[in-house]
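A look at the structure
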Amino acid sequence: SGNITIGSGVTLLSNVPAFFAFLNSDQSSIADSTATKINVNDKVFDTDNCYDNTTNYRFTPNVAGKYFVYAYVRVDGSVTNKLLNLISYIYKNGSSYRVTRHNFNSSATEHKFTVNIYTTIELNGSSDYVEFFFYGDTSSGFPVIHSGNTIFGAYRIGD
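Owing to the predicted nature of the structure, the values given are computational and were not obtained by experimental measurement.

**Describing unusual backbone geometry**
Residues apart from glycine generally show negative phi values, whereas peptide bonds are mostly found in trans. Cis rather than trans, the peptide bond between Val-16 and Pro-17 has omega equal to 5 degrees. Mapped onto the fold, Pro-17 is located in the segment before strand 1 (18–22). Residue Ser-33 is not a glycine yet carries a positive backbone phi of 60 degrees. Position of Ser-33 among the secondary structure elements: in the loop between strand 1 and strand 2 (36–37). For Ser-33, a relative accessible area of 31% gives the class partly exposed. Phi at Tyr-57 is positive, roughly 50 degrees, even though this residue is not glycine.

Have a look at this one:
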């Protein structure tokens, strides 16, 4: 019949608050070899209006619990600007919480690359927040964060 019966005393977990956003235009104003917040500014969804996509680009959930947080960044160099060292960060309350690194050797010829990061993190539902940062070291010039393929999101997975 398509119906499910749930016994008494069973608590169902809702995976909200949750959000998913993407960068809608290239972010080319980042400095080489400097951790920079990625301004992921276009929300696909935000169940509880907990992601600020206009000023501080952070997720501050209003429900305490454990959250799965994820981000992908597409970084571009140029024909003469090779990618050397790429680092993605999930920050909690303004400090690095989780780090993902990808290092190319000095003879590599990578000019475009996608770096992903994900983690499970406990947030208090009132003042804790998470942000997405990126560090890109290039052979010359500066890295460009590519729109459309750069995303940031999170959802609640438990108490």
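**Thoughts on the pattern of salt bridges**
A full pass over the atoms with the stated rule returns seven salt bridges. Among the ionic pairs, Arg-58 bridges to Glu-131, the shortest N-O distance being 3.3 Å. With Arg-58 in the loop between strand 3 (42–46) and strand 4 (65–76) and Glu-131 in strand 8 (residues 130–138), this pair connects stretches of sequence that are 73 residues apart. Using a relative accessible area of 3% as the deciding quantity, one classes Glu-131 as buried. Measuring nitrogen to oxygen at the nearest pair gives 3.9 Å for the salt bridge that ties Lys-92 to Asp-128. Note that Lys-92 is positioned in strand 5 (residues 83–92) and Asp-128 in the loop between strand 7 (112–123) and strand 8, a separation of 36 residues in sequence. For Asp-128, a relative accessible area of 11% gives the class buried. Three or more residues are tied together by salt bridges with common partners; here these are Lys-37, Arg-58 and Glu-131.

**Description of the packing of aromatic side chains**
The full count for this structure, using the stated rule, is 14 aromatic pairs. When the centroid spacing of 6.4 Å and the interplanar angle of 25 degrees are considered together, the rings of Phe-20 and Phe-45 count as stacked. Here Phe-20, found in strand 1, pairs with Phe-45, found in strand 3; they are 25 residues apart in sequence, far enough to count as distant. Ring centres 5.8 Å apart and planes at 85 degrees place the aromatic pair Tyr-89 and Tyr-91 in the edge-to-face group.

How each quantity is defined
Residues numbered from 1 in each chain as written. Predicted model: local features only at pLDDT ≥ 70, side-chain atom pairs only at ≥ 80, totals over all residues. Heavy atoms only, no water. Helix = DSSP H or I, 4+ residues; strand = E, 2+ residues; numbered from the N terminus. Buried < 20%, exposed > 50% of the residue type's maximum accessible area, 1.4 Å probe, protein only. Salt bridge = Lys/Arg side-chain N within 4 Å of Asp/Glu carboxyl O. Phe/Tyr/Trp six-rings, centres within 6.5 Å; stacked < 30°, edge-to-face > 60°.

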